[in-house]
Amino acid sequence: MLHFDIDRTFWEVLCVDHLKLLRNTVLWANSEAPVVSVEGPGLLDVVVWRNPGSITVHLVNLTNPMAMKGPYRAFFPVGPHTVQISLPSDLQPKKARLLAAEADVDLSRSGTVLTVRVPSILDHEVVAIDL
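Residues numbered from 1 in each chain as written. Predicted model: local features only at pLDDT ≥ 70, side-chain atom pairs only at ≥ 80, totals over all residues. Heavy atoms only, no water.

## Considering the nonpolar core
Here's step 1: With 20 residues, the main nonpolar core has Val57, Leu59, Val83, Ile85, Val118, Val127 and Ile129 as its most contacted residues.
Here's step 2: Non-local contacts of Val127, meaning those with residues more than four positions away in its chain, are made with Ile55, Thr56, Val57, Leu59, Arg97, Leu98, Val116 and Val118. (Core = buried A, V, L, I, M, F, W, Y, C linked by side-chain atoms within 4.5 Å. Buried < 20%, exposed > 50% of the residue type's maximum accessible area, 1.4 Å probe, protein only. Contact = heavy atoms within 4.5 Å.)

Pasting the structure below:
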């Protein structure tokens, strides 16, 4: 068996295969579906949290040649993105808003999956969902 520091190696060489291995390992170890998934172009940092009357998804655009190696000199907008959030059946979303874009967005629900479309992300976007 081969042992090596996969996360450090990925950070140094940014090999896509190392990223896939890390991602698949985390998904396998977690053994449950993620609360949020995002589909679309670019590299995003995604954080979701739930308060008593809302759900918030923070999307940070890391799409940049300097993303892993140093300070940003420019932003590269990405999009569109489809954000899907797993909701318990007893939660009823009322509306969704993009806080950075200052725009209301349509939301759709199929079973326990809530879907919101984010047209574009320059540096960050916050999807605020009122329950």
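## Let's talk about the sheet that holds strand S1 (residues 36-39)
Here's step 1: In spatial order, the strands read S1-S4-S8-S7; together these four strands make up an open sheet with antiparallel pairing. Looking along the sheet, the strands with just one partner apiece sit at the ends: S1 and strand S7 (107-110). The mean inter-strand angle of the sheet, taken between neighbouring strand axes irrespective of direction, is 20°. (Pairing = 2+ DSSP bridges. Helix = DSSP H or I, 4+ residues; strand = E, 2+ residues; numbered from the N terminus. Axes fitted to C-alpha atoms, helices over the stretch in contact; angles between N-to-C directions.)

## Some thoughts on unusual backbone geometry
Here's step 1: Following Gly79, the chain continues into Pro80 via a peptide bond in cis, with omega recorded as 0°.
Here's step 2: Tracing the backbone shows Pro80 in the loop between strand S3 (54-61) and strand S4 (81-86).
Here's step 3: With phi around 55°, Ser31 is a residue other than glycine that occupies positive phi space.
Here's step 4: If you trace the backbone, Ser31 turns up in the loop between helix H2 (16-30) and S1.

## Observations regarding the sheet that holds strand S5 (residues 95-98)
Here's step 1: With antiparallel pairing, five strands are arranged side by side in an open sheet as S2-S3-S9-S5-S6. With partners counted over all chains shown, the strands left at the sheet margins are strand S2 (44-51) and strand S6 (103-105), one partner each. With strand direction ignored, the average angle separating the axes of adjacent strands in the sheet is 20°.
Here's step 2: The pairing of S5 with S6 spans three bridges and is classified as antiparallel. Looking at the pairing, Ala96 lines up with Val105 of S6.

## Some points on the pairing of strand S9 (residues 124-130)
Here's step 1: The element S9 is largely enclosed, with a buried count of five among its seven residues.
Here's step 2: Strand direction decides the pairing type here: S3 and S9, joined by seven bridges, are antiparallel. In the sheet register, Leu59 faces S9, and the bridge partner there is Glu125.
Here's step 3: With four bridges connecting them, S5 and S9 associate as antiparallel partners. From the neighbouring strand, Lys95 faces S9, where its bridge partner is Asp130.

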